[in-house]
Amino acid sequence: MKKLKSKVVSEIGRGMVEILGVLGVIGVLSIGGIYGYQYAMNKYIANNIIQDAALADTHLYSLPDKEPFPWTEINKNFHTDKIIEIHRDNEGDGYVRVKDIEEAVCKHILMMNNPPRMTLFNTEREPFTKCTQVNTIVFAFNSMRAPGVNCESGLDCIKMNMYCQKDYKVCQNCPEGYKVNAQADGCDIVCDTTSQTTCHLDGTYWCCDKNLLCGDIVGLCEESDGYCEYKVNQQQIDIKSDCAYIYSQQAQTIYSDCQYRFQNTAGGATFEPVKDCAKGQYCNLTFTDDKCQDGLKNESVGLMYGVCSAHDLALRTCRLKSVTNPMSVKKRCPKGQYCRLIYTDELCTTPIPDSNGVPMMYGVCSDLSMATNSCPIQSISNAVTPIKECPRAKFCHLTHTDKEYTTPVDNYGAETLFGVCRKKDK
């Protein structure tokens, strides 16, 4: 009998690990595909928003009325469903505002920011630099300035309590916690005067707790070691006059009282009054002109001028009609005071010469019952300059002239004084 040969056939298939690996790859590809799709959609929406903003800007500049107007919603056939508004500021520049922009879409718009072709601002008229969960973006096309008032310096903005933003040349408000600086070209931080010290370095301000010192680096607050040091200065005192007057030569105006016309004719001389004197007086004819400058001569004819005199007098001096005031005000005193003129210069260094006037005279404002001689002090320089200060909550008790605290301060003082920080209630 023949034996039957058996043939063993092995099954060929996938193990569990391999199957899981394949599923993992499929999952990653799926997630990547979804992310790529979402990225493309966000970029597409961002492009549509920019396109709609540009269309709104074109519509704004096509309006016949060029007067300023506030933010106004515009309804056109836009590609997106966003709220789109237009605005023309008081400088005549137009802007487009788009609201409710999602963060992912906003980031694409921010990457496409391209001044001056397209410049982005936030609602505070500041450059748009960061996207949040929901965003409102102001678009300026072919411009780099924010909505508002143009400015060249802080003088253009200070009356509105705003500052001039130097990069975009537009007046802007300071952020919360800051105030417009003295030049109105930036903002200074507002410190709590009861608990903080205002620090200043290189045009930048910051706040430190009253128990700390301002550091030598912007924003740095340091602890005090309890010692202090001051440099003694030669104190400068500036004085200045209160009032000033201009002195000029006094002018007097005189005129004749009466006039007669004398004429030689073929039939004889004629003599008739043009302006006669009052009853009981006669006209003492003395001059050939109304201002009594040229005297009559034997051959004088025509108009003759004179002075009205009583019959028992012979007045020859024309009467004074007006006198100019030799003093004109340059700087006046307050009401209820007079100007006591003493000096020939505004800094009160040179007295007016006795009995002689000068073209410009300066003085001191005094009460009507007083005669003040000293010009008022305008400013006094600091007697000391801090080298090492105490915290705001303490004062520096200067006691010695050396760092080793071996030589006490005497009546002669020193160029530099050293001391310790003490509480203000001590």
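Everything numeric here is computed off the predicted structure, so don't read it as measured data.

### A look at helix H2 (residues 103-111)
(1) Moving on: Here H2 has its buried residues at Val105, Cys106, His108 and Ile109. For H2, the arc enclosing every buried residue in end-on projection is 160 degrees, short of the 170-degree limit, so these residues lie on one face.

### Considerations on the state of the cysteines
(1) Moving on: By the definition in use, this model includes 15 disulfides.
(2) Moving on: A sulfur-sulfur separation of 2.0 Å characterises the disulfide bridge that pairs cysteine 106 with cysteine 131. Between cysteine 106 and cysteine 131, the disulfide has an S-S torsion of -80 degrees and is therefore left-handed. Of this pair, cysteine 106 sits in helix H2 while cysteine 131 is found in the loop between strand S4 (118-121) and strand S5 (134-141), placing the two residues 25 residues apart along the sequence. Across the pair, cysteine 131 and cysteine 106 agree in class, each one buried.
(3) Moving on: In this model cysteine 191 forms its disulfide with cysteine 207; the gap between the sulfur atoms is 2.0 Å. On the sign convention where negative means left-handed, the S-S torsion of about -95 degrees between cysteine 191 and cysteine 207 marks this disulfide as left-handed. Note that cysteine 191 is positioned in the loop between strand S9 (187-189) and strand S10 (196-201) and cysteine 207 in strand S11 (residues 204-209), a separation of 16 residues in sequence.

### Observations regarding the pairing of strand S16 (residues 243-247)
(1) Moving on: Taken together, the 4 bridges between S16 and strand S25 (residues 360-367) define a ladder with antiparallel strand orientation. When the bridges of S25 are listed, cysteine 243 appears paired with glycine 363.
(2) Moving on: Pairing between S16 and strand S23 (residues 327-331): 4 bridges, direction antiparallel. Bridging across to S23, tyrosine 247 finds its partner in methionine 327.

### Let's talk about the sheet that holds S4
(1) Moving on: Judged by pairing direction, the sheet is antiparallel, and its 5 strands sit side by side in the order S1-S2-S3-S5-S4 without closing on themselves. Strand pairing shows two members of the sheet lacking a second neighbour, strand S1 (69-73) and S4, which therefore form its edges. Ignoring which end each strand starts from, the neighbouring axes of this sheet average 25 degrees apart.
(2) Moving on: Relative to strand S3 (residues 94-102), H2 is tilted by about 140 degrees, and along the sheet it contacts S3, S4 and S5.

Thresholds applied
Residues numbered from 1 in each chain as written. Predicted model: local features only at pLDDT ≥ 70, side-chain atom pairs only at ≥ 80, totals over all residues. Heavy atoms only, no water. Buried < 20%, exposed > 50% of the residue type's maximum accessible area, 1.4 Å probe, protein only. Helix = DSSP H or I, 4+ residues; strand = E, 2+ residues; numbered from the N terminus. Arc of directions from axis to C-beta. Disulfide = S-S within 2.5 Å. Pairing = 2+ DSSP bridges. Axes fitted to C-alpha atoms, helices over the stretch in contact; angles between N-to-C directions. Contact = heavy atoms within 4.5 Å.

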